[in-house]
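Spelled out from the first residue to the last, the chains are:
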Amino acid sequence: LTTVDRWLGRPPAPAAPVPAEPVPAAPVVDTVGAGDAFGAGFLAAWIAGGRGRTDLTDDAAVAEAVRFGVRVASWTIGRHGADSPTSAQLAARPPT
């Protein structure tokens, strides 16, 4: 909704429903860096899949990247410091 739309009294467009992804339980040791780890994991999966901004309308692709981001963040909160896993560590431990 732009400033002009507000000024003219136009209603905002209805929001599209956002699908939810389940988040598995994980042991929490330290939450420092959890958000950064999630973002890094999401972007790593997104880029590895050859995706760009225009692909953000693909719900399945977004869900896949979200799941990977959750894996990275879950691993990160399970140890002290903002210590995200390496690609090799993630490959050695399959998703649960």
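Nothing here was measured: the structure is a model prediction, and the numbers come from that model.

> Help me understand the packing of aromatic side chains in this model?
To describe a pair of aromatic rings, you give the distance between the ring centres and the angle between the ring planes. Inspection of the entire model under this criterion finds two aromatic pairs. Ring centres of F38 and F42 lie 6.4 Å apart, and the angle between their planes is 35°; this geometry places the pair in the tilted category. Residue F38 and its partner F42 are both found in helix α2 (residues 34-48); the two are separated by four residues, about one turn of the helix. When its relative accessible area of 16% is taken as the criterion, F42 is described as buried. Plain terms: the ring middles of F42 and W46 are 5.6 Å apart, the flat faces sit at 10° to each other, and that makes the pair stacked. Pair noted here: F42 and W46 are both in helix α2, with a separation of four residues, about one helical turn. Each member of the pair, F42 as well as W46, carries the same accessibility label: buried. Taken together, F38, F42 and W46 form an aromatic cluster joined through their ring pairs. One Lys or Arg, R51, reaches over the ring of W46 and ends 5.6 Å from the middle of that ring.

> Explain the environment of T86 to me, please; I cannot follow it from the model alone.
One can find T86 in the loop between α3 (59-77) and α4 (87-92). A sequence separation of 57 residues divides T86 from V29, and the C-alpha atoms of the two residues are 18 Å apart.

> Explanation requested: the nonpolar core in the structure shown.
For soluble globular proteins, nonpolar side chains are generally found buried alongside one another. By size, the foremost hydrophobic cluster in this structure holds seven residues: F42, A45, W46, A61, A65, V66 and V70. For this core, the elements supplying multiple residues, two or more each, are α2 and α3. With four residues, the top contributor of residues to this core is α3. Setting aside chain neighbours within four positions, we find V66 in contact with E21, F38 and F42. Counting residues in each nonpolar core, the second largest holds five residues, with A37, V72, W75 and L90 among its members.

> How do you make sense of the confidence of the model for the protein when you look at a structure like this?
In the predicted model, the protein carries a mean pLDDT of 89, and the fraction of residues at 70 or more is 97%. Taken element by element, the predicted model of the protein shows its lowest mean pLDDT in helix α1 (residues 3-8) (76) and its highest in α2 (96).

> Is there a simple way to think about a nonpolar patch on the surface in this case?
The grouping of V4, W7 and L8 at the surface amounts to a nonpolar patch, some 380 Å² of accessible area in total. Here L8 lies in helix α1. Judged by its relative accessible area of 45%, L8 falls in the partly exposed class.

What counts as what
- Residues numbered from 1 in each chain as written.
- Predicted model: local features only at pLDDT ≥ 70, side-chain atom pairs only at ≥ 80, totals over all residues.
- Heavy atoms only, no water.
- Phe/Tyr/Trp six-rings, centres within 6.5 Å; stacked < 30°, edge-to-face > 60°.
- Helix = DSSP H or I, 4+ residues; strand = E, 2+ residues; numbered from the N terminus.
- Buried < 20%, exposed > 50% of the residue type's maximum accessible area, 1.4 Å probe, protein only.
- Lys NZ or Arg CZ within 6 Å of the ring centre and 35° of its normal.
- Core = buried A, V, L, I, M, F, W, Y, C linked by side-chain atoms within 4.5 Å.
- Contact = heavy atoms within 4.5 Å.
- pLDDT = per-residue confidence, 0-100.
- Patch = residues over 30% accessible without salt bridge, like charges linked within 9 Å, V, L, I, M, F, W, Y side chains within 5 Å.
- Areas by Shrake-Rupley, 256 points an atom, 1.4 Å probe, with all protein chains shown as cover.
- Salt bridge = Lys/Arg side-chain N within 4 Å of Asp/Glu carboxyl O.

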